[in-house]
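Listed here are the chains, written in short residue letters.
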Amino acid sequence: MLQDESGLIARAQKGGRDAFGKLYDHYLPKIYRFVFLKVTNREEAEDICHQVFLSAWQNIHSYQEVGYPFSSWLYRIARNAVIDFYRTKKQHTDLEDVVDLIPSDADTSAQTEATLASERVLRAMARLNEDQRELLVMRYVEELDNKEIKSILGKSEGAIRILQFRAIKNLQRVLAEESLKDTYI
Amino acid sequence: MKMHEKELLEHMKRFKRIVPRQDFVYTLKQELLSLPMLTKIPAATPRSWGAFRLAVSFGAAILVIAVWVGLYGELRHTENLAGFNNKEILSELASSGDINIYINEIEYYDEAHKTIDVALNEISKNQKNKY
């Protein structure tokens, strides 16, 4: 959460552009990453983020902190925007884009190995169902806690824990299968 | 090769390095902040219901009064239905003398009634005196 987030939201609701600008600066990278890992295409992720923040700016007056934080509200808008995107457009799955965007710290063989492993994880994630992939991104990439994930997904914390467990197990299974395929090719 | 959970989580954390393009970030921000925010439409609150009901009642009362006034005016000024013109009928009766006959009949029977009463009284007095 951003420092003095409630104050910024209140000022933005009264039309404070600077206040909304600060919220935008803080949350755009997170929302972009969340969307990007779902649609795996840079241009489409940018289009969706454009819709998300336009909607947020125009509807911020309707936001009320009643049990869920501002970030959850944004993630819900983003989630709905991605669902709408899937309805209107064929999903463009190009994992090359994603892997190229993961910068390495240094050009060493260890980093190259790490990047290749990340690529394998990403490909495996693409084979999971939407709910499991989304949960993994929220929990392990964005590091949201289960309470926040609950307010975004509208599921109970128990259901989220089960989904999380299954997602990890499935991811490991898919990685093992991919690894076996690589061995026998 | 089985990737352990811890290793998996480490790889997923690397995805945090994915960031949007700087020119996209800047352009979108400029565009958003140049747009006006939609003004809030005040929602109906419980406090406003009383005023709403009062307004509706007042409006209904005005409507009823207007209808009554309109009807009253119509009744006063409207010409009678064709074929049912009381003024014409009365004036016709007056001119034909029928109404005078009618009035005379009423007076006659009224007088006759009084005469009969007087006669009956006389009879009863005479009978009392006799006995």
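What this report covers is the structure whose coordinates are included nearby. Given the structure is predicted, the values throughout are model-derived calculations rather than measurements.

**Some details on the overall build of chain B**
The number of helices and strands found in chain B is 5 helices and 0 strands. Counted from the first residue to the last, chain B has its helices and strands arranged as α-α-α-α-α. Counting the 131 residues in chain B, one finds 11% classified as buried. Accessible surface, chain B: about 11,400 Å² in total, of which carbon and sulfur atoms supply 63%.

**Section: the interface of chain B and chain A**
Facing 32 residues of chain B, the contacting portion of chain A comprises 51 residues. Notably, a salt bridge pairs Lys29(B) with Asp25(A), separated by 2.9 Å at the nearest N-O pair. In this assembly, chain B and chain A are joined by 15 residue pairs in polar contact (both at pLDDT 80 or more). Of all the elements in the fold, those that place two or more residues in the side of chain B that touches chain A are α1 (5-14) and α2 (22-34) of chain B. When residues of the side of chain B that touches chain A are assigned to their parent elements, the largest contribution, 8 residues, is made by α2(B).

**Concerning the side chain of Glu46(A)**
Checked against the element boundaries, Glu46(A) lands in helix α3 (residues 42-59). Taking relative accessible area as the criterion, Glu46(A) reaches 9% and is therefore assigned buried. Engagement of the side chain of Glu46(A) in a polar contact is seen with the side chain of Arg21(B), the distance being 2.6 Å. In contact with Glu46(A), other than residues within four places in its own chain, are Tyr32(A), Arg21(B) and Phe24(B).

**What to know about the packing of aromatic side chains**
All names here are of chain A. Here the structure, examined in full by the defined rule, presents 11 aromatic pairs over all chains. With 5.4 Å between their ring centres and 35° between their planes, Phe70 and Trp73 make a pair best called tilted. Note that Phe70 and Trp73 are positioned in helix α4 (residues 70-88) at a spacing of 3 residues, about one turn of the helix. Trp73 shares its class with Phe70; the two are buried. For the ring pair Phe85 and Tyr86, a centre distance of 5.9 Å and an interplane angle of 50° mean the geometry is tilted. Looking at Tyr86, the relative accessible area reads 25%, which means it is partly exposed. Above the face of the Tyr68 ring, Arg76 is positioned so that its terminal group lies 4.8 Å from the ring centre.

**Comments concerning the environment of Lys13(B)**
With respect to the helices and strands, Lys13(B) occurs in helix α1. Other than its neighbours up to four places away in sequence, Lys13(B) contacts Tyr140(A) and Glu143(A).

**Examining the packing of helix α1 (residues 5-13) of chain A against helix α2 (residues 17-39) of chain A**
Working note: a packed helix pair is described by the angle between its axes plus the distance between those axes. Residues and elements named next belong to chain A. As a packed pair, α1 and α2 sit with axes 7 Å apart at the nearest point and diverge in direction by 130°. Relative to α2, the element α1 is oriented oblique. Judged by the sense of rotation from one axis to the other, the crossing of α1 with α2 is left-handed. Together, Glu5, Leu8, Ile9, Arg11 and Ala12 of α1 and Ala19, Phe20, Lys22, Leu23 and Tyr27 of α2 make up the contact between the two elements. Class assignment of the residues belonging to the contact of α1 with α2 gives a composition of 7 nonpolar, no polar and 3 charged.

**Describing α4(A)**
In a regular helix each residue adds 1.5 Å, so 19 residues correspond to 27 Å; α4(A) covers 27 Å between its end C-alpha atoms and thus fits that length. Packing partners of the buried residues in α4(A) comprise α1, α2, α3, α7 (130-141) and α8 (146-153) of chain A.

**Quick look at a nonpolar patch on the surface**
Nonpolar side chains collect at one region of the surface, where Leu63(B), Val64(B), Val67(B), Trp68(B) and Leu71(B) lie side by side and expose about 530 Å² of accessible area between them. Secondary-structure assignment places Leu63(B) in helix α3 (residues 46-77).

Rules used in this analysis
- Residue positions are given per chain, counting from 1 as you read along its sequence in written order.
- To read the labels, note that chains go from A and ligands from 1, taken in the order they are written.
- Local features in this predicted model are restricted to residues of pLDDT 70 or higher, and side-chain atom pairs are both shown and tallied only at a pLDDT of 80 or more, whereas totals for entire chains, interfaces and linings draw on every residue.
- Hydrogens are left out, water is left out, and the side-chain values use all remaining heavy atoms of the structure.
- Under the scheme used here, helices are H or I runs from DSSP no shorter than 4 residues and strands are E runs no shorter than 2 residues, and both carry numbers assigned from the N terminus.
- Each residue gets one of three labels from its accessible area relative to the maximum for its type: buried under 20%, exposed over 50%, partly exposed in between, using a 1.4 Å probe on protein chains only.
- For the area figures, the Shrake-Rupley method with a 1.4 Å probe applies, and any residue is considered shielded solely by the protein chains shown.
- The contact criterion used throughout is that any non-hydrogen atoms of two residues lie within 4.5 Å.
- Salt-bridge detection follows one rule: a side-chain nitrogen of Lys or Arg within 4 Å of a carboxyl oxygen of Asp or Glu.
- For this analysis, a polar contact is any N or O atom pair within 3.5 Å, provided that within protein one partner can donate a hydrogen and the other can accept it, and provided that sequence-adjacent residues contribute only side-chain to side-chain pairs.
- For Phe, Tyr and Trp, rings pair up if their centres lie within 6.5 Å, where Trp contributes its six-membered ring, and each pair is then called stacked (planes under 30 degrees apart), edge-to-face (over 60) or tilted (otherwise).
- A ring is scored as having a charge over it whenever the NZ atom of a lysine or the CZ atom of an arginine sits within 6 Å of its centre and within 35 degrees of its normal.
- To obtain an axis, a line is fitted to C-alpha atoms, over the contacting stretch when the element is a helix, and the angle between two such axes runs from 0 to 180 degrees between their N-to-C directions.
- Note on terminology: angles under 35 degrees are roughly parallel, angles over 145 are roughly antiparallel, angles of 65 to 115 are roughly perpendicular, and the others are oblique.
- Take the far helix as your reference; a near helix turned counterclockwise from it by less than a right angle gives a left-handed crossing, and one turned clockwise gives a right-handed crossing.
- Each residue gets one label: Ala, Val, Leu, Ile, Met, Phe, Trp, Tyr, Cys and Pro are nonpolar, Asp, Glu, Lys and Arg are charged, and the others, such as Gly, are polar.
- Take the number of residues in a helix, subtract one, and multiply by 1.5 Å to get its expected span.
- The patch calculation keeps residues exceeding 30% relative accessible area without a salt bridge and links them within 9 Å when they carry like charges or within 5 Å when they are nonpolar (Val, Leu, Ile, Met, Phe, Trp, Tyr).

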